[in-house]
Amino acid sequence: MYVPAHRPAIARTTRRPVLLVALLLLLAGCAGHRGEDGGPGGNGGSGKDATPSAAKRWQPRPGTSWQWQLSGRLDTSVRAEVYDIDGFDHSGATVAQLHRKGRRVVCYVSTGAWEDFRPDADRFPRSVLGRGNGWKGERWLDIRRTDVLRPLMAARLDMCREKGFDAVEPDNMDGYRNRTGFPLTAADQLRYNRLVAELAHDRGMAVGLKNDLDQIPQLVGDFDFAVDEQCAQYRECAKLEPFVAAGKAVFHVEYELPTGRFCAQSRRLGLSSLLKKYELGAWRRAC
């Protein structure tokens, strides 16, 4: 289904030095500065030469509470540490408002499917558009065509960064397991998913692996958290254990099971679990 990106760099203030040695030390420190809280130091949106160390990126830990809202008027009063919201639909002012409330904010964007309702829809050539993915106005993308998709996805993640998001939730990351209209392989998916993770990290943002459970062993080291739908319903939640074992949050939702059917297992596994409705409005029931 569908997520904004990183906290703005905080301006560094300094006092005028009175000794030459202090000035030299200050200049040396500023030369290596790339922004606070994992943020890039303002390189015009390319992401190149702005990669912060992993230690400076936000890293959500297992058990972190979250809210996932992709439709309707955004309710900013939910008591959750993390908000996952649509990157196109919300402004930098909304992200800043959530930051003032002490929330981290995740940018939902689709990276594996084309959406005809997005402002950049006309930039996707027809040659990369495949079958419908089951959602109105959406079609799978030919993820083998990284020559076409890399700049398009880079521009989307630039948008997330510029709005101040802390992280990205890239959606439709398991096309190889679906009827996309293209002969996608597991190797194609691994290559593309790692590309998306690289693009997010280059912009100072954390990034989540959306679904794609079978490739978790190969991808857990490339992603900072996981986002999963319905692992309890399909009895697959144990596949997410490598993320928890690595100290990385798993943000999990169920739509059809009552909380009594999955919350005990979620607590045992260390998942951050919610019951949501399919439209992903403000309503939620947390474990």
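Because the structure is predicted, anything quoted here is derived from the model rather than measured.

It is at 10 Å that the axes of helix 3 (residues 146-162) and helix 4 (residues 186-202) come closest, and there the two elements cross at 35°. The two elements helix 3 and helix 4 meet at a crossing, and its hand is right-handed. Taken together, the residues of helix 4 that come into contact with helix 3 (itself represented by Thr146, Leu149, Arg150, Met153, Ala154 and Leu157) are Tyr192, Leu195, Val196, Glu198, Leu199 and Ala200. Looking at side-chain class alone, the contact of helix 3 with helix 4 contains nine nonpolar, one polar and two charged residues.

Moving on, we get to the sheet that holds strand 1 (residues 66-69). Pairing within the open sheet is mixed, and its nine strands lie in the order 1-2-3-7-8-9-10-11-12. The sheet terminates laterally at strand 1 and strand 12 (285-286), the two strands that pair on one side only. The pairing of strand 8 (residues 206-210) with strand 9 (residues 225-229) spans three bridges and is parallel. Within strand 9, the position partnered with Gly208 by the bridge is Phe225. Sitting on the sheet, helix 3 touches strand 3 (104-110) and strand 7 (167-171), and the angle it makes with strand 3 is about 155°.

Here we come to the pattern of salt bridges. Overall, the coordinates contain 18 salt bridges when judged by the stated rule. Between Arg203 and Asp158 there is a salt bridge, with the nearest N and O atoms lying 2.6 Å from each other. With Arg203 in the loop between helix 4 and strand 8 and Asp158 in helix 3, this residue pair connects regions lying 45 residues apart in the sequence. The exposure class assigned to Arg203 is buried, which follows from its relative accessible area of 3%. Lys210 is the partner of Asp171 in a salt bridge, and the nearest nitrogen-oxygen pair spans 2.9 Å. Of this pair, Asp171 sits in strand 7 while Lys210 sits in strand 8; the two residues are 39 residues apart in sequence, bridging distant segments of the chain. The same class applies to Asp171 and to Lys210, which are both buried. Connected via shared salt-bridge partners are Asp86, Asp89, Glu115, Arg118, Asp120 and Arg156.

Rules used throughout
Residues numbered from 1 in each chain as written. Predicted model: local features only at pLDDT ≥ 70, side-chain atom pairs only at ≥ 80, totals over all residues. Heavy atoms only, no water. Axes fitted to C-alpha atoms, helices over the stretch in contact; angles between N-to-C directions. Helix = DSSP H or I, 4+ residues; strand = E, 2+ residues; numbered from the N terminus. Left-handed = near helix turned anticlockwise from the far one by under 90°. Contact = heavy atoms within 4.5 Å. Nonpolar A, V, L, I, M, F, W, Y, C, P; charged D, E, K, R; others polar. Pairing = 2+ DSSP bridges. Salt bridge = Lys/Arg side-chain N within 4 Å of Asp/Glu carboxyl O. Buried < 20%, exposed > 50% of the residue type's maximum accessible area, 1.4 Å probe, protein only.

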